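# Breakdown of the fold
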Amino acid sequence: MKYVFFDIECACVYKYVAKICAFGYTVTDENYNVLIKEDILINPKGKFHLTDRKGSDGIELPYEYDKFKSFPAFPAVYGKIKALLEDPEAIVLGHATHNDVNYLNLETKRYKLPFFRFCYHDTQFFYMNTENDFTRQCGLGTMAQRLGVEFVPHRAADDAYATMRVCEALCKREGADVKGLCERYKVRSGKIFSYKISQPDSEGLRAYYKKRDEEHKKRAEARENFFNFVNKNNYRKKRSGINSGKRFCFSKEIENNVPFSVELAGAVFASGGRYTSRPQDCDVYIAEEEGGKRYLNAVENGAKFVPLSDAAQSIERGLELL
């Protein structure tokens, strides 16, 4: 058995285009002894347009861009890459591997080449499982720092090598090899076949999704209950009152806190006020603290911000908020 760690850099990436300019890989034995480390440089047949994860310019690859025209295009190295990743004796790994597998998929489609067929693992996904935290994706640099691994970012072969060292350190910390991590955390590999890609999966990820969906359903039901109350009482307000004619809006956190939001809205209605779910249309915006999109929509359109603690006391005492 051997490990094949790989990383890909692209001259540009769009929704249906990924022009690969570098395929870096590191092959080791099962004890992480390096057998091969290589950068395969590729003519992307297109201009370089490098962006970060948010689509902003600024990433610089540690290569001389003007030399890429002298390298072979993807079809010339396709066979070598395919043999490497489809080696039956190899376990294929990367960091955020789904992205790189997708780049390969897009390039095979671009050049009308036969599809790749292999399974793969993801060190980023391993780490999320070991931390039991699926809410954030750690970059290779962050993981390397936490596990004491140094590397030069964005040189494909070095990223592949750093991924290998991160995997080695993670396995050492967990007291298991790659297969052991998969067994312990019930991780299933991702795969690519017939131009279709499935991402890695695990028992922990499924449990996270289940909990997240249940919480989302609970919040949706709470908001429905709140707005049912609002719709029922918004036009039954007192014709007069200390807040007559004034429109109130709460932060989503308050709206979701049923029955407290119902009690607070009831106090608004009792004092002659009305409720709107559109912060830009309100006269008074109530939240625990300043900040957020809803807050800005409210205050930029002339609403007065009232902290929740002040609003609750004022309404209970029958005091005017404006």
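So, a few notes on the structure that sits alongside this text. (Residues numbered from 1 in each chain as written. Predicted model: local features only at pLDDT ≥ 70, side-chain atom pairs only at ≥ 80, totals over all residues. Heavy atoms only, no water.)

## Overview of the overall build of the protein
Looking only at helices and strands, the protein features eleven helices and 13 strands. The C-alpha radius of gyration computed for the protein amounts to 28 Å, which surpasses the reference 20 Å derived for 322 residues by more than 25%, pointing to a less compact arrangement than a globule. A principal-axis box enclosing the C-alpha atoms of the protein has dimensions of 80 × 45 × 35 Å. Buried positions account for 45% of the 322 residues belonging to the protein. (Helix = DSSP H or I, 4+ residues; strand = E, 2+ residues; numbered from the N terminus. Rg over C-alpha atoms; globule rule 2.2 N^0.38 Å. Buried < 20%, exposed > 50% of the residue type's maximum accessible area, 1.4 Å probe, protein only.)

## Structural notes on the pattern of salt bridges
A complete count under the given rule lists 18 salt bridges for this structure. Residue K37 is joined to D158 by a salt bridge in which the shortest nitrogen-to-oxygen separation is 2.8 Å. Of the two residues, K37 sits in strand β3 (residues 34-41) while D158 sits in helix α5 (residues 156-174), which places them 121 residues apart along the sequence. A salt bridge links R247 to D283; the shortest N-O distance between them is 3.5 Å. Here R247, found in strand β10 (residues 247-250), pairs with D283, found in the loop between β11 (274-275) and β12 (284-287); they are 36 residues apart in sequence, far enough to count as distant. Owing to a relative accessible area of 23%, D283 belongs among the partly exposed residues under this scheme. Linked through salt bridges whose partners overlap, the residues forming this network are E131, R173, E174 and R184. (Salt bridge = Lys/Arg side-chain N within 4 Å of Asp/Glu carboxyl O.)

## A closer look at the packing of aromatic side chains
Tallied over the entire structure, the rule returns 23 aromatic pairs. Ring centres of F23 and Y25 lie 6.1 Å apart, and the angle between their planes is 45°; this geometry places the pair in the tilted category. For F23, a relative accessible area of 0% translates into the label buried. By relative accessible area, which is 4% here, Y25 ends up buried. (Phe/Tyr/Trp six-rings, centres within 6.5 Å; stacked < 30°, edge-to-face > 60°.)

## Things to note about the sheet that holds β10
Ordered in space as β11-β10-β12-β13, the four strands form an open sheet in which the pairing is parallel. With one partner strand each, in any of the chains shown, β11 and β13 (304-307) form the two edges of the open sheet. Where helix α9 (residues 260-270) meets the sheet, it contacts β10, β11 and β12, and its direction lies at approximately 170° from that of β10. (Pairing = 2+ DSSP bridges. Contact = heavy atoms within 4.5 Å. Axes fitted to C-alpha atoms, helices over the stretch in contact; angles between N-to-C directions.)

## Some words on the layout of surface pockets
Left-over empty space is what a probe sized like a water molecule reveals as it rolls over the atoms. A volume near 210 Å³ is recorded for the second largest pocket. Taken together, S251, K252, E253, Y285, A287, E288, E289, E290, G291, G292, K293 and R294 make up the full set of residues lining the second largest pocket. Residue assignment for the lining of the second largest pocket shows that the elements contributing at least two residues are α8 (252-256), β12 and α10 (293-299). Partitioning the lining of the second largest pocket into residue classes produces two nonpolar, three polar and seven charged. (1 Å grid on protein atoms, 1.4 Å probe; cavity = no way out; pocket = protein on both sides within 12 Å on 5 of 7 lines; lining within 4 Å. Points joined across faces, edges and corners; volume = space filled by probe spheres on them. Nonpolar A, V, L, I, M, F, W, Y, C, P; charged D, E, K, R; others polar.)

## A few points about the sheet that holds strand β8 (residues 196-198)
Within the open sheet, the seven strands sit side by side as β3-β2-β1-β4-β5-β7-β8. Their pairing is mixed. Each having just a single partner strand, β3 and β8 make up the two edges of the open sheet. Strand-to-strand twist across the sheet, computed as the mean angle between neighbouring axes with direction ignored, equals 25°. Two elements, strand β1 (residues 2-13) and strand β4 (residues 90-94), share four bridges in a ladder whose sense is parallel. Following the sheet pairing, V4 is matched in β4 by V92. Strand contacts of helix α1 (residues 74-85): β1, β2 (18-29), β3, β4 and β5 (118-122), with the helix running at about 30° to β2, the strand carrying the most contacts. Along the sheet, helix α3 (residues 123-131) makes contact with β4 and β5, crossing β5 at roughly 50°.

## Points about the packing of α3 against α5
Between α3 and α5, whose axes approach to 10 Å, the crossing angle comes to 25°. Relative to α5, the element α3 lies roughly parallel. Handedness of the α3/α5 crossing: left-handed. Along the contact surface, α3 presents T123, F126, Y127, T130 and E131, while α5 presents T163, C167, L170, R173 and E174. For the contact of α3 with α5, the class distribution of residues is four nonpolar, three polar and three charged. (Parallel < 35°, antiparallel > 145°, perpendicular 65-115°, else oblique. Left-handed = near helix turned anticlockwise from the far one by under 90°.)

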